[in-house]
Amino acid sequence: MTRTVPSPDARAAIADALARLPRVVDLLAARAEEHDRDGTFPYQGIEAVHEAGLLTLTVGPRHGGPGATLADTVQVLARLGRGDASVALLTAPTLLLHAEQARTGAWPAGLYRRLLTESRRGPALVDTLRADPPAVTAHRDGEGWLLSGRQADCPGAEALAWMAVRARTDEPQPRVGLFLVRGDSAGVEIDPGSELIGLRACALHDVVLDRVRVNPEAAVRLAPPSGPDRTAEAWRELALAAVLLGVGRAAQDWLVRRLGRGAPAGAPCHRAALGELECSLIGAEELVHGLAARVDRGDPAALERTGAAGLLVNRTVTAVAREAVVLAGQDGLSRRHPLERHLRDALSGRAHFTAEDRVLDAVGRSLLG
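Residues numbered from 1 in each chain as written. Predicted model: local features only at pLDDT ≥ 70, side-chain atom pairs only at ≥ 80, totals over all residues. Heavy atoms only, no water.

### Points about the pairing of strand β1 (residues 125–129)
A regular strand places its side chains so that they alternate between the two faces of the sheet. Of all five residues making up β1, five are buried, and the element is well covered by its neighbours. Neither face of β1 is left uncovered, since the one carrying Leu 125, Asp 127 and Leu 129 and the one carrying Val 126 and Thr 128 both have all their residues buried. Bridge analysis of β1 against strand β4 (residues 160–169) gives five bridges, and the strand direction is parallel. Across the sheet, the residue bridging to Val 126 is Trp 162, located in β4. (Buried < 20%, exposed > 50% of the residue type's maximum accessible area, 1.4 Å probe, protein only. Helix = DSSP H or I, 4+ residues; strand = E, 2+ residues; numbered from the N terminus. Pairing = 2+ DSSP bridges.)

### Brief notes about the UniProt feature "domain: Acyl-CoA dehydrogenase/oxidase N-terminal" (unreviewed entry) in the protein chain
Under the feature "domain: Acyl-CoA dehydrogenase/oxidase N-terminal" (unreviewed entry), the UniProt entry names residues 28–91. Here residues 28–91 is 64% helix and 0% strand, with 12 Å between the C-alpha atoms at its ends. (UniProt positions renumbered as here; feature names shortened; annotations may be inferred.)

### Examining the pattern of salt bridges
Tallied over the full model, the rule gives 27 salt bridges. Salt bridges linked by common partners bring Asp 36, Arg 335, Glu 340 and Arg 344 together as one network. (Salt bridge = Lys/Arg side-chain N within 4 Å of Asp/Glu carboxyl O.)

### Comments concerning a nonpolar patch on the surface
A contiguous nonpolar surface patch, about 360 Å² in accessible area, is contributed by Val 363, Leu 367 and Leu 368. Take Leu 367: it is sitting in helix α12 (residues 356–368). (Patch = residues over 30% accessible without salt bridge, like charges linked within 9 Å, V, L, I, M, F, W, Y side chains within 5 Å. Areas by Shrake-Rupley, 256 points an atom, 1.4 Å probe, with all protein chains shown as cover.)

### Quick notes on the side chain of Glu 285
Positionally, Glu 285 belongs in helix α8 (residues 268–296). On the basis of relative accessible area, Glu 285 is assigned to the buried category, the value being 19%.

### With respect to the environment of Ala 30
With respect to the element layout, Ala 30 can be found in helix α2 (residues 21–38). A residue is classified by how much of its surface remains accessible, and Ala 30, at 62% relative accessible area, is exposed. When the C-alpha atoms of Ala 30 and His 63 are compared, they prove to be 34 Å apart, with 33 residues separating the residues in sequence.

### A word on the packing of aromatic side chains
Taken as a whole, this structure holds four aromatic pairs when the rule is applied. Measuring from centroid to centroid gives 5.7 Å for Trp 145 and Phe 179, while their planes differ by 75 degrees, and the two rings are edge-to-face. One end of the pair, Trp 145, is in strand β3 (residues 144–154); the other, Phe 179, is in strand β5 (residues 176–182), with 34 residues separating them in the sequence. (Phe/Tyr/Trp six-rings, centres within 6.5 Å; stacked < 30°, edge-to-face > 60°.)

### A look at the environment of Leu 291
Inspection of the secondary structure puts Leu 291 in helix α8. For the pair formed by Leu 291 and Ala 301, sequence separation is 10 residues and the distance between their alpha carbons is 9.5 Å. Here Leu 291 is in contact with Leu 238, Glu 286, Ala 302, Arg 305, Thr 306 and Ala 309, once residues within four sequence places are set aside. (Contact = heavy atoms within 4.5 Å.)

See the structure below:
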């Protein structure tokens with residue numbers, strides 16, 4: 001595993017993009033309540049993220065991008081999550097895909113150039129549709145493949161330019177790989193799936209594939225079933241954790257403004273309670289940002305801790321949002337205020353993480369050797 005070190009020019013480009021974050025976050029926050037209420041996809045928010053250069057921040061230098069690190073990525077997602085967690089969650093897979101391409105070059109050069117061309121014209125969202133075991137089957141058809149199956153609960157399915165579908169072949173000796181599919185391909189249907197209580201603007205729908213044709217060059221990494229790519233998993237786990245950090249900060253931001261209204265110094269009991277929340281968030285932030293920096297440095301021990309970090313951040317942010325509602329009293333439960341939305345977003349975040357029992361089992365197994 002090589003260390004990620006952007007060049008000085010790349011660092012300057014990353015710094016410029018980060019400087020545009022505050023304006024983007026303000027725009028997201030202004031529309032978040034509307035999208036949550038109506039369950040509508042935040043096209044304007046995704047457009048703002050794209051125009052600020054944030055959606056392609058992890059494109060590698062050899063492809064003309066700045067090659068942002070994992071540490072940069074979690075910083076961006078935590079800030080976006082402070083404005084609208086749904087937009088942050090929709091942004092994350094595209095950032096992760098570009099980062100993985102920079103590391104591994106998995107996409108064929110021609111298809112990736114096409115994706116980058118589309119990205120210059122407008123937002124080109126990409127997601128990896130995965131399940132364990134794979135929920136989609138690939139059937140050989142001449143030199144190409146036909147994909148069939150249903151992938152449940154895909155954020156932003158209706159707006160994806162490309163899908164990297166993890167599928168299993170129906171060969172006598174099955175192989176598993178990624179099949180690169182255009183979102184508007186014949187045979188792709190979006191079916192409304194889970195309707196979570198939070199993160200409602202994510203458009204969490206099922207993707208149904210009915211004999212979707214994939215050319216041979218768009219089938220990559222075909223190999224016998226094996227374990228996950230731990231580096232890719234670490235990026236995903238910390239990216240999701242960063243989105244939740246933004247939710248926790250947004251909840252605390254609103255509570256501080258509410259409790260401080262008319263009492264600049266705040267009541268002593270409120271100061272102590274806010275101090276507790278701040279300490280919890282500081283610990284969660286240091287965990288995520290510290291592990292991200294270690295992954296960037298190539299520390300193999302950090303890769304084994306990101307699953308546990310995601311679990312701890314999930315628990316911490318949920319606890320912070322709940323306590324904020326308690327401290328706010330009746331206002332915390334009112335739909336007139338954003339705090340109840342932040343609590344719903346925090347609770348819904350666990351749907352996107354690896355299940356707690358699997359994380360705990362894996363940690364326990366590692367201890368027992």
